[in-house]
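Structure at a glance
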Amino acid sequence: MVKRLLNQPPDPAFDPFKRQPTLSTKGWDSALSRLVRRVTNGVTEEEMKLAHKLGFNGYLNYHLQASKIEDGACQAWVGQNAPLLGSAPEALYSLDQRIPMDQLIASSVYRAAFSKRQLHERLVEFWSDHFNIEYEKVRYLKLGDDRDVIRKHVLGKFPDMLKASAHSPAMLEYLDNTRNRRTTLNENYAREIMELHTVGATGGYSQADVRELARCFTGWTLAGRGNFNFDPNGHDFGEKMVWGQRIPALPASSGVQGKTDADTMIEFLVKHPKTAEYVSFKMLRFFLQYDPSPTQIAAVASVYTKTGGDIPAMMRAVLTPQNLLAATPKYKRPYTFMLGAMRATLVPSQVAKVDQLSFRYLPLLGQAMYQWDPPDGYPDRADYWAGGVLQRWNFATYITTTNSTEARMDANRFWNATTPASNTPDTVVDAIALHLFGGEMPDRLKALVRGYLAATPTMSLTRTREAIALTLSSATYNWL
């Protein structure tokens, strides 16, 4: 064996003096702690303990196999509070459209905050932006899209999700393909499936390609109250030439065979190298850092190509210890900020409703769910969200002081009401560190919060609530 090893060529990338990443070392800046912050919507004591128990790879694999994670309590809450989520379009059509929308939003917020399947929920947010649909334009059809496109394929393969999206009644209506007919061409969906869903705006296609692809999609429409349907009468059976791909003409009597024009082009797009690059870039930007390097994009795109767009395999390539240790911080979007505060302060089993959080405070923070009109999804840029600091401070005050019957802070996590005299600045800071940072709160922030608490001669629950709100408002808490 020694002889065989000596005959092997040296690895040019090996550096004996390079410090290797510490995969399970405790501390706010460790790879493991950074992984927990990106995999979840808020670090908790339970989540950090689990990460240390399983180790870096074990913890990531645990979350990538979400269907194996017991999540009965969350599912029960959703079943009780959002019974319409599994309904067919025919059952939703005649309802007051506020009812299915409220159930969809409230269930999404509760799941994102309290599901044990945290990476699954983060991916739901990511793909919901990638395949953005504004609720008001499609109304009840959005429920089917969330269920059959996003959640069904969130940890599957990207090509399957794209095909499901292309057949989604909500997407076809949102991007006007229901009005794309042989005699009245509408290019909207054809443009966005290339610009936003697959190869990206710089993918290399032309306006002529958009128009030819739109011809392929003619006849893709809806039937009844919102079921996918291919209408041969609206399809253009003539020859098309899209981005060098020749789609031969078919006899006008070919009927449903005309649907294969667009099916063929979807297959072309999911296998295009630019799709691998663009989807990889977006995953890196959402989960890692705003400006991923060309090397990182190429590495994840390579996984896309080798695995046929397997999302768990791509996530493993995104969330490597090396990538996490080198990543620059990301500013939490309002949704992530609110969810983290909920996870830190609320007891899931005591949350009766999330209406105030979902329909009042999330819009005030600037990220009302499913109400982003453009098809590109909510921005993933720090500068866009930087102006909402005051709203975050106000929300931090609300969630630490509210007496709402829907959801209120579990003060017992931070304050010993049985023996008030036992509460000290140190005990309160330790509790804040445990519940807001999983026990890995940076020392500098600890010192600042401790100083605030110690500035008064006596401890009080009111002062403790203020200290929690201050911590939620800190820069450390607001950046991943």
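Data block above holds the structure.
Notes on the structure follow.

Basis of the calculations
- Residues numbered from 1 in each chain as written.
- Predicted model: local features only at pLDDT ≥ 70, side-chain atom pairs only at ≥ 80, totals over all residues.
- Heavy atoms only, no water.
- Helix = DSSP H or I, 4+ residues; strand = E, 2+ residues; numbered from the N terminus.
- Rg over C-alpha atoms; globule rule 2.2 N^0.38 Å.
- Buried < 20%, exposed > 50% of the residue type's maximum accessible area, 1.4 Å probe, protein only.
- Contact = heavy atoms within 4.5 Å.
- Areas by Shrake-Rupley, 256 points an atom, 1.4 Å probe, with all protein chains shown as cover.
- Lys, Arg positive; Asp, Glu negative; His and termini not counted.
- Charge placed at Lys NZ, Arg CZ, Asp CG, Glu CD.
- Expected span 1.5 Å × (residues − 1).
- Pairing = 2+ DSSP bridges.
- Axes fitted to C-alpha atoms, helices over the stretch in contact; angles between N-to-C directions.
- Left-handed = near helix turned anticlockwise from the far one by under 90°.
- Nonpolar A, V, L, I, M, F, W, Y, C, P; charged D, E, K, R; others polar.
- Salt bridge = Lys/Arg side-chain N within 4 Å of Asp/Glu carboxyl O.
- Core = buried A, V, L, I, M, F, W, Y, C linked by side-chain atoms within 4.5 Å.
- Phe/Tyr/Trp six-rings, centres within 6.5 Å; stacked < 30°, edge-to-face > 60°.
- Lys NZ or Arg CZ within 6 Å of the ring centre and 35° of its normal.
- Patch = residues over 30% accessible without salt bridge, like charges linked within 9 Å, V, L, I, M, F, W, Y side chains within 5 Å.
- Parallel < 35°, antiparallel > 145°, perpendicular 65-115°, else oblique.

Moving on, we get to the overall build of the chain. Within the chain, the secondary structure is distributed over 26 helices and four strands. Radius of gyration (C-alpha) of the chain: 25 Å, near the 23 Å computed for a compact globule of 480 residues. Taking the principal axes of the C-alpha coordinates as reference, the chain spans close to 85 × 75 × 40 Å. The 480 residues of the chain split such that 56% are buried. Contacts in the chain between residues at least 24 apart in sequence constitute 72% of all its contacts with a sequence separation of at least 6. Per element, the accessible surface of the chain, about 20,900 Å² overall, is 54% carbon and sulfur. Positive and negative side-chain charges of the chain, numbering 55 and 48 respectively, have mean locations separated by a distance of 4 Å.

With that settled, consider helix α9 (residues 141-153). Taking 1.5 Å per residue as the helical rise, α9 with its 13 residues ought to reach 18 Å, and the 18 Å between its terminal C-alpha atoms agrees with that figure. The complete set of buried residues in α9 reads L141, K142, L143, G144, D145, D146, V149, I150, R151 and H153.

Below, the discussion takes up unusual backbone geometry. One non-glycine residue, D176, lies in positive phi territory at about 70 degrees. Locating D176 in the fold gives a position in the loop between α11 (169-174) and α12 (188-197). For D176, a relative accessible area of 14% corresponds to the buried category. A positive phi angle is found at Y370, which is not glycine, with a value near 60 degrees.

Before going further, it helps to examine the pairing of strand β2 (residues 227-230). Examined bridge by bridge, strand β1 (residues 220-223) and β2 share four bridges and lie antiparallel to one another. In the strand pairing of β2, T221 is matched with N229. Two successive antiparallel strands, β1 and β2, enclose a turn made up of three residues, where G224 displays a positive phi of approximately 60 degrees.

This part covers the environment of R111. Within the secondary structure, R111 is located in helix α6 (residues 98-114). Along the backbone, R111 and A344 are 233 residues apart, and their C-alpha atoms lie at a distance of 15 Å. Excluding residues that lie within four positions of it along the chain, R111 makes contacts with C74, V78, L85, Q118, E121 and R151.

This brings us to the environment of A341. Considering the arrangement of structural elements, one finds A341 in helix α19 (residues 334-345). Sequence separation of A341 and A396 is 55 residues, and the distance between their C-alpha atoms is 7.6 Å. Beyond its immediate chain neighbours, meaning those up to four positions away, A341 contacts F395, I399, L472 and Y477.

On to the packing of helix α10 (residues 158-166) against helix α14 (residues 260-270). Contact geometry for α10 and α14: axes closest at 10 Å, N-to-C directions at 145 degrees. You can see that α10 and α14 cross each other, and the crossing is right-handed. Of α14, the residues touching α10 (which contributes P159, L162, K163 and A166) are I266, E267 and V270. Grouping the amino acids of the contact of α10 with α14 by side-chain chemistry returns five nonpolar, no polar and two charged.

This brings us to the pattern of salt bridges. For side chains bearing opposite charge, pairing can occur when the charged atoms are close. Counting across every chain of the model gives 31 salt bridges. Among the salt bridges present, the one from E46 reaches K116, with a minimum N-O distance of 2.9 Å. Within this pair, whereas E46 is found in helix α3 (residues 45-64), its partner K116 is found in the loop between α6 and α7 (118-130), the two being separated by 70 residues in sequence. Residue K116 is classed as partly exposed on the basis of its relative accessible area, which comes to 34%. Across the salt bridge formed by D129 and R333, the nearest N and O atoms sit 2.6 Å from each other. Of this pair, D129 sits in helix α7 while R333 sits in the loop between α18 (321-326) and α19, and the two are 204 residues apart along the sequence. Take D129 and R333: they sit in the same class, and that class is buried. Through salt bridges with shared partners, one network takes in K137, E173, D176 and R179.

Judged by nonpolar contacts, the single largest core of 141 residues is most densely connected at V109, W127, L213, M342 and F395. With near-sequence residues (within four places) excluded, M342 lies in contact with V109, A113, F114, V354, L357 and I399. With seven residues, the next largest nonpolar core counts Y331, A368, W372 and Y378 among its residues.

Tracing the backbone shows N323 in helix α18. With relative accessibility at 11%, the residue N323 sits in the buried group. Setting aside residues up to four positions removed in sequence, N323 forms contacts with L284, L288, Q296, A317 and V318.

This brings us to the packing of aromatic side chains. Per the counting criterion, the structure on display carries 28 aromatic pairs. The interplanar angle of 75 degrees and the centroid separation of 5.8 Å between the aromatic rings of W243 and F268 together place this pair among those described as edge-to-face. Taken as a pair, W243 in the loop between β3 (240-242) and β4 (245-247) and F268 in helix α14 lie far apart in primary sequence, 25 residues in all. For the pair W243 and F268, one class covers both residues: buried. Ring pairing ties together the aromatic residues W28, F337, Y361, F395, Y398, F437 and Y477, which thus form one cluster. Lying over the aromatic face of W28, R37 brings its terminal NZ or CZ to 3.7 Å of the ring centre. Directly above the ring of Y361 sits R360, whose terminal nitrogen or CZ lies 5.4 Å from the centroid.

Let's shift gears to a nonpolar patch on the surface. Nonpolar side chains collect at one region of the surface, where V389, L390 and W393 lie side by side and expose about 280 Å² of accessible area between them. Along the polypeptide, L390 turns up in helix α22 (residues 389-401).

We now examine the packing of α7 against helix α15 (residues 273-287). The geometry of α7 relative to α15 is characterised by a closest axis approach of 11 Å and an angle of 125 degrees between their N-to-C directions. Between α7 and α15, the crossing angle belongs to the class labelled oblique. In this structure, α7 crosses over α15, and the sense of that crossing is right-handed. Taken together, the residues of α15 that come into contact with α7 (itself represented by L119, R122, L123, E125, F126, W127 and H130) are Y278, V279, K282, M283, F286 and F287. Residue composition of the contact of α7 with α15, by class: nine nonpolar, one polar and three charged.

Function-wise, these values are silent; they only describe arrangement.
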